[in-house]
Amino acid sequence: MNEHARAISERGYTVLPRTHDDATVAAMRARLTAIHEAHGAPPPYASAARALGENAMLNPTGFVIFELLGIAPELAPRLLSPSLLAVARAVLGEDCSLELTGAVISDAGRPFFSWHNHIGGIDVEAQRASGVFPRFARSERLIAVVYLDDVDADGGPLLALPRRITDPTEPPFDLRAPDWDGQVELTFPRGSTLVFEQCTWHAVRPQRREGLRMFVGSYLTSRAAPPTRARDRSLVGFRGGGPLLRSVLREPGPGA
């Protein structure tokens, strides 16, 4: 097990520095900016969810893009890195697969983003609504986020509460509290990939500088993870992206 996979097991997160070079970051930013502008370039935050078409919405997270590869398939070869897949396979198994792709744009108008995790992956909202906090003997899902801006004191640093895979998944403190006992503040340069285990509680401080803050994210799941009710339709039958991405695309089952 490599050091990053061990970190996932022992503390629930790891940072892969500079997985994407400046040219790739610039290309991703340009494409996300174009998508935002095509939707009228709205302020990238809303206290209540509002749909902006089939693949975008405004909500407390920001300007959220769903099924990213359906809108921007040219980003597929740039989405994943070899180092990320090495970690994912060490944690989830060699037959892990890509569950979801998306992106988020926000700015200084977004307030403190309260504590949350991603149990259930693409079904996360249904899982949260259930009020059930399952336990896990081993990891079933990772969240991988490529940040297109420096995440520093002014760029909306992330907070994470370290945990082992087998620890309880219930929130230990008030989800709206700006700080939790034992938290770690995470900062890193643009082009880095932050990897969270799905149960890891995390939050985001407000951005203090002007401009748009962007990231591209994905969920990777183990073969042992229960099937989800929702699905990323842009991944079904997707044939682009090169061998790295295609190696984690699961073929649709009968009748899909």
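The following paragraphs examine the structure supplied in this document. (Residues numbered from 1 in each chain as written. Predicted model: local features only at pLDDT ≥ 70, side-chain atom pairs only at ≥ 80, totals over all residues. Heavy atoms only, no water.)

Below, the discussion takes up the packing of aromatic side chains. Following the criterion strictly, the structure yields six aromatic pairs and no others. Ring centres of Trp-180 and Trp-201 lie 5.9 Å apart, and the angle between their planes is 55°; this geometry places the pair in the tilted category. Of this pair, Trp-180 sits in the loop between β8 (158-160) and β9 (184-186) while Trp-201 sits in the loop between β10 (193-197) and β11 (202-204), placing them 21 residues apart in sequence. For Trp-180, a relative accessible area of 3% translates into the label buried. According to the relative accessible area criterion, Trp-201 is buried, its value standing at 7%. (Phe/Tyr/Trp six-rings, centres within 6.5 Å; stacked < 30°, edge-to-face > 60°. Helix = DSSP H or I, 4+ residues; strand = E, 2+ residues; numbered from the N terminus. Buried < 20%, exposed > 50% of the residue type's maximum accessible area, 1.4 Å probe, protein only.)

Here Ala-41, not a glycine, exhibits a phi torsion of approximately 50°, which is positive. With respect to the secondary-structure elements, Ala-41 resides in the loop between α2 (22-38) and β2 (50-51). The phi dihedral of Glu-67 falls on the positive side, at around 45°, and the residue is not glycine. By the secondary structure assignment, Glu-67 is in the loop between β4 (62-66) and α3 (68-71). By relative accessible area, Glu-67 is classed as buried at 12%.

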